[in-house]
Structure formats: C-alpha cells, structure tokens
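# Structural overview
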Amino acid sequence: MPVVREFTLPDLGEGLTGAEVVRWMVEVGDVIAVDQPVVEVETAKAVVEVPCPYGGVVTARYGEPGEEVAVGAPLVTVAVAPAEGPAEGLGAAGRPVTAEVERPLVGYGVAEPDRGGRRRRVGVPTAPAPVAVAVAAPAAPPAPVAPPAPVVVPVISPLVRRAAREHGIDLAALTGSGPDGLIMRADVERAAAAKSLPAPAAAPGSTAPAAAADGVVPLRGLRRAVAEKLTRSHREIPAATCWVDADATELMALRRQLNATPGPKVSVLALLARICTVALARFPELNSSVTEDGSGILRHSAVHLGFAAQGERGLVVPVVRGAQQLSTEQLGSELGRLTEAARVGSLTPAELTGGTFTLNNYGVFGVDGSTPILNHPEAAMLGVGRIVAKPWVHQGELAVREVTQLSFTFDHRVCDGGTAGGFLRFVADCVEQPGMLLRQL
C-alpha cells in the first residue's frame, strides 16, 4: 500500500511566517512527479511557485486562493508508492490509483500520452450497472438516465483575482465577458469604475439616502509587509533629512563618454551606486543599523545596496549584495538584472532582504525632492531627484546646467548632523566632479 506523505509550507525567506495562496497548480487526484510545483503563493517578499518533494497521487490540498497558510502548516498530502515497485492505494473519492508516476494507473488501463501539457488525472467514475428489480406485473424497463453534461469551469487568472481584491470587487457577483463566461480584467475594471461613480443627486425636498460605504482593500502579502515595516520605521527611528542641489553636468558628460566606447552601457543609477559605495567607505558609520533592543549599533563591513524599483506588485527594494566589490559595469549589470526581475515579478525573497543602505532614485517619477521613511532597520538612505536643465552660476557666470537635488535621510542615533552633512557633501562633490572618484579607487 502507498504511504501518505504530508508536505507543509516551507520557510520561504528571512522572517516570513506565512504565505497567501494565489493559485493551485494541481488538483486532488493528480499524479505528480518529485519536485513538481504544486501551488503558487504570495509572500511578503515575492510570488513564488512551491515544489513538492514527493512524487505520487495528490490526496488532499489545504487553503483556497486568497487564504493565508502559516509556515509549517500542511499544503498537500501525497500517496507515495513504496520503493520496491508500484502499489495501489486510494485517490480522490476512494478510488484505487497507482502512486508511481511513470506507470499505468491500476484498474483504469494504460494512461493516454500527455498531450498539450495537460496533467494526468485519476480516472473518473463510470455510470453504475443497471439493477434488475422483480415485480409482480410486467413493467416497462426504466428509461436510461443520461449522463450529466460536462460542466465547464473557467479558471480565473491570478492577476484578475488580485485586481478584484485591490478594488474590493466580489468576483461571484460579476458576469464574465470571456469565453464560457470567464471573468476578464476588463470586467473587474468596469465594476471598479461603476463603484467610483457618484450617486445621483436627490430631488429637491426629498431626503437623500445614506451614502454607501466605499470598498475596503485588504492589506495582504507585500502591501501588508510594507505597511508594517514603514509603520515600525516611523515609530522607532528618529530620522532627519538634509538636502543640497548639485550640478550633474560633468557626471552626465562622463556617462556619455563611457557609453560612446564599446561595452555594456552605463546607467546613471550605476554611477550613483558607485558614488554611494565610495562615500560609505569614507563614512562607515552610516552603513549600520541599531540593535533590536536599541542598546548598540551594528557596523556592517559589506555594503548590501538596496534600490527602489517599480514592479507589477508595486514598489520593491531589491538588494545588490557586496556592492563595494563590484566595478561600475558590474554594478550596472546587477542593477539591470534586478530591475527587470522586479518588473516581471520574479524577484526571490533572498533578493529582497538583507540591505544595509538604500539608494532611492525618485527622479524617475519627475520630482525634485522627497523626505522618505527609512527602510528599517537601515540607518540611511540617499535620494536623487530628476536631473533637469536650470540656470546655474558656473565659474562666475550664469549658465544653463544639468542640476539635481540630493537628499539624505538618516537615523539620528547612529550619527550627528555633521557626519550626515559630510556624507552628503562628499556625494555632491562626486556628482559635480566625478574625477574625484579616481582618488578613492
């Protein structure tokens, strides 16, 4: 007989206690292989597919899409065949199955070849055999019962489910416009737009009905983790911000020179990342964090550089590990890779944790300045506004120069204003005179 194995939700990353089920990739009764992904879950860090370490027949699964599953709680149970050969067991609805993946299902003949990537399923029940009933008088045989018509159940996309959650839309109340009534993203957007329309004005002299409550968007997954982290940062860290305008004309000229030569293109973000690593080597107290109990300061020897990136799940902060050891080209390559992963939502939990300092290029949003909340437990963040042509006094004369605003937010427990101002001034000097970096390398 097969042995039923229980597979529990593993620890998917640093500090994670659970995950939300996004979609199931298998059904009860499916025959699965070892390490086959069985469910897609959303953690506070990323959306990931979870593979099952057992091969056999899925006998149960736990959690519906949208439900939270704790780390260590069961995800699926699998009937696993003994090592000596195939064995029969009970699958869905108590029907005999073989738990070995590559052998035919016992009692149901040889399985059809896999066509079009569909999963193999345990056989479906057949209609019961007719039963003879003795009666005193002749009677017409009972009319045959027609088998039930197949039921088409369209599978709603996880992106559509997520959009519905974000807008507070009940999918059960929608009529889908897709094939076989499938609910599409456009259906959710129409329902959300209808919710936002103002109520019609009441006739003169009549009493207006009470306004309907707005929909509530639940804080789940990444948004909940971000909310908790920002709240904790605002509550625990006495943060201060200083800022300065800098003439970035020479930095932009250097970038154009670098990109005119053969080789990978160098981004502005890569140059700013290089400046950050050099500045942190000069002011190491800013590459630190305060201990959990507030009794000490942890100095970090490596610079794990976080940077803000926009993805399909919102704003995330991927981390370039050991940034101080990378060249400008290597920094650019890693920043590009992580940015693309953020865009398509494929960042792993490990790529979103462990940062020691954050670079926030909010200039991409067309704004000049910001006073951001620190990325707890980090002690500092450099912000860079848009680089725009402005009138500027250069070498004693008024000229049009490419100017940016730099802001620096820091934990006042790790340093005083003199250290923070020194760091920011050094960064500004490197932006204005990038040749200074040669003295530091």
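Residues numbered from 1 in each chain as written. Predicted model: local features only at pLDDT ≥ 70, side-chain atom pairs only at ≥ 80, totals over all residues. Heavy atoms only, no water.

## Structural notes on the overall build of the chain
What counts is decided by this rule: Starting at the N terminus, helices and strands are each numbered in turn, a helix being any DSSP run of H or I of at least four residues and a strand any DSSP run of E of at least two. A 1.4 Å probe rolled over the protein chains alone gives each residue an accessible area, and that area as a share of the maximum for its type sets the label: buried under 20%, exposed over 50%, partly exposed in between. For the accessible areas, the method is Shrake-Rupley and the probe is 1.4 Å, while residue cover comes only from the protein chains on display.
Looking only at helices and strands, one finds eight helices and 21 strands in the chain. Put simply, the chain has 441 residues, and 39% of those count as buried. When the accessible surface of the chain is totalled, it reaches about 24500 Å², and 57% of it is carbon and sulfur.

## As for the nonpolar core
Condition: The term nonpolar core refers to a set of buried residues drawn from Ala, Val, Leu, Ile, Met, Phe, Trp, Tyr and Cys, joined through side-chain atoms within 4.5 Å. We call two residues contacting when some pair of their heavy atoms lies within 4.5 Å.
Core analysis: the biggest nonpolar cluster contains 75 residues, and F357, L359, L406, F408, F423 and V431 have the highest contact counts within it. For this core, the element with the highest residue contribution is helix α5 (residues 268-282), accounting for eleven residues. If near-sequence neighbours (up to four positions away) are discounted, L359 is found in contact with L269, L272, A273, C276, L305, G306, F307, A308, L382 and V384. If you look at the next biggest cluster of nonpolar residues, it comprises nine residues, including V160, L171, I183 and A191.

## Looking at helix α3 (residues 221-236)
For clarity, the cut-off: Helices are assigned an expected span. That span is 1.5 Å times one less than the residue count. An arc is given here, and it is the one of the directions from the helix axis to the C-beta atoms.
Over its 16 residues, α3 extends 23 Å from the first C-alpha to the last, a length consistent with the 22 Å expected when each residue adds 1.5 Å. All of the buried residues in α3 are G221, L222 and S233. Buried residues of α3, viewed axially, fall in a sector of 90 degrees; they line one side. Turned more than 90 degrees away from the buried face of α3, the exposed residues are E228, H234 and R235. Where α3 is buried, its residues contact β2 (18-24), β4 (36-42) and β16 (314-316).

## Quick look at the sheet that holds β2
Strand pairing in a sheet takes place through backbone hydrogen bonds and is either antiparallel or parallel in direction. What counts, and what does not: Strand pairing is defined by DSSP finding a minimum of two bridges between the two strands. Interaxial angle, 0 to 180 degrees, is taken between N-to-C directions of lines fitted to C-alpha atoms, where a helix line uses only the stretch in contact.
The four strands are arranged β5-β4-β2-β7 in an open sheet whose pairing can be described as antiparallel. Bordering the open sheet on either side are β5 (47-52) and β7 (68-70), each of which pairs with just one other strand. Pairs of neighbouring strands in the sheet enclose a mean axial angle of 50 degrees, with direction left out of account. Judged from the three bridges that link them, β2 and β7 form a sheet pairing that is antiparallel. Its bridge partner lying in β7, A19 is registered against V69.

## Observations concerning the packing of α5 against helix α6 (residues 328-344)
Test applied: By the definition adopted for this analysis, an angle is roughly parallel if under 35 degrees, roughly antiparallel if over 145, roughly perpendicular if from 65 to 115, and oblique otherwise. Take the far helix as your reference; a near helix turned counterclockwise from it by less than a right angle gives a left-handed crossing, and one turned clockwise gives a right-handed crossing. Three classes are used: nonpolar for Ala, Val, Leu, Ile, Met, Phe, Trp, Tyr, Cys and Pro, charged for Asp, Glu, Lys and Arg, and polar for all others, with Gly counted as polar.
Between α5 and α6, the shortest axis-to-axis distance is 9 Å and the interhelical angle comes to 120 degrees. The angle between the axes of α5 and α6 places the two elements in the oblique class. Once α5 is placed against α6, the crossing between them reads as right-handed. Only T328, L331, G332 and L335 of α6 make contact with α5, whose side of the interface consists of L269, A270, L271, A273 and R274. Classifying every residue of the contact of α5 with α6 gives six nonpolar, two polar and one charged.

## Regarding the packing of helix α4 (residues 249-259) against α5
It is at 10 Å that the axes of α4 and α5 come closest, and there the two elements cross at 115 degrees. The chirality of how α4 crosses α5 is right-handed. Within the contact between the two elements, α4 uses L251, M252, R255 and L258 and α5 uses V268, L271, L272 and I275. The class makeup of the residues in the contact of α4 with α5 is seven nonpolar, no polar and one charged.

## Quick word on the pattern of salt bridges
So the rule is basically this: Here, a salt bridge means any Lys or Arg side-chain nitrogen found within 4 Å of an Asp or Glu carboxyl oxygen.
Here the structure, examined in full by the defined rule, presents 15 salt bridges. With a shortest N-O distance of 2.8 Å, D247 and R401 are connected by a salt bridge. Here R401 lies in strand β21 (residues 397-411) and D247 lies in strand β11 (residues 239-247), a separation of 154 residues in the sequence. Put simply, D411 and R413 hold a salt bridge, and the shortest N to O gap is 2.8 Å. Under the relative-accessibility criterion, D411 is labelled buried at 1%. Judged by relative accessible area, R413 falls into the partly exposed class, the value being 37%.

## Examining the sheet that holds strand β3 (residues 31-32)
Read from one edge to the other, the open sheet built from four strands follows the order β1-β8-β6-β3, with strand pairing classed as antiparallel. The strands lining the two open edges of the sheet, one partner per strand, are β1 (3-8) and β3.

## Observations concerning the packing of aromatic side chains
Put simply, the rule is: Note on aromatic pairs: the rings of Phe, Tyr and Trp (six-membered ring only in Trp) are paired at centre separations within 6.5 Å, and the planes decide the class, stacked below 30 degrees, edge-to-face beyond 60, tilted for the rest.
Under the criterion given, the structure shown has four aromatic pairs. Between F357 and F423, the aromatic rings sit 5.8 Å apart at their centres with planes inclined by 55 degrees, giving tilted as the arrangement. A residue pair is termed long-range when its members are at least 10 positions apart, and F357 in strand β18 (residues 357-360) and F423 in helix α7 (residues 417-432) qualify at 66 residues. For the pair F357 and F423, a shared accessibility class is recorded, and that class is buried. Ring geometry for F408 against F410: centres 6.0 Å apart, planes inclined by 15 degrees, an arrangement best described as stacked.

## Describing the environment of S288
What counts, and what does not: Polar contacts here mean pairs of N or O atoms no more than 3.5 Å apart (in protein, one a potential hydrogen donor and the other a potential acceptor; neighbouring residues in sequence count only if both atoms are side-chain atoms).
Relative to the helices and strands, S288 is located in strand β12 (residues 288-290). We classify S288 as buried; its relative accessible area is 0%. Linking S288 and E378, residues 90 residues apart in sequence, is a C-alpha distance of 6.5 Å. Each residue touching S288, except ones within four places of it in the same chain, is listed here: I297, L298, R299, H300, T356, P377, E378, A379 and V414. Within the local environment of S288, its side chain forms a polar contact with the backbone oxygen of E285, the two atoms lying 2.6 Å apart.

## Some points on empty space enclosed by the protein
Applicable threshold: Lining residues are defined by having an atom within 4 Å of a point belonging to a cavity or pocket. Those points lie on a 1 Å grid over the protein atoms alone, cavities being sets where a 1.4 Å probe fits but cannot get out and pockets being open sets with protein on both sides within 12 Å along at least five of seven lines. Grid points are joined across faces, edges and corners, and a volume is the space filled by probe spheres set on the points.
Scanning all chains against the criterion turns up one cavity of 30 Å³ or more. Around the largest cavity, the lining comprises 13 residues; the ones closest to its centre are R313, V316, A342, G345 and L347. Those elements that provide at least two residues to the lining of the largest cavity are β16 and α6. Each residue belonging to the lining of the largest cavity can be placed in one class, and the counts come to six nonpolar, four polar and three charged.

By themselves, these figures tell us nothing about what the structure is for.
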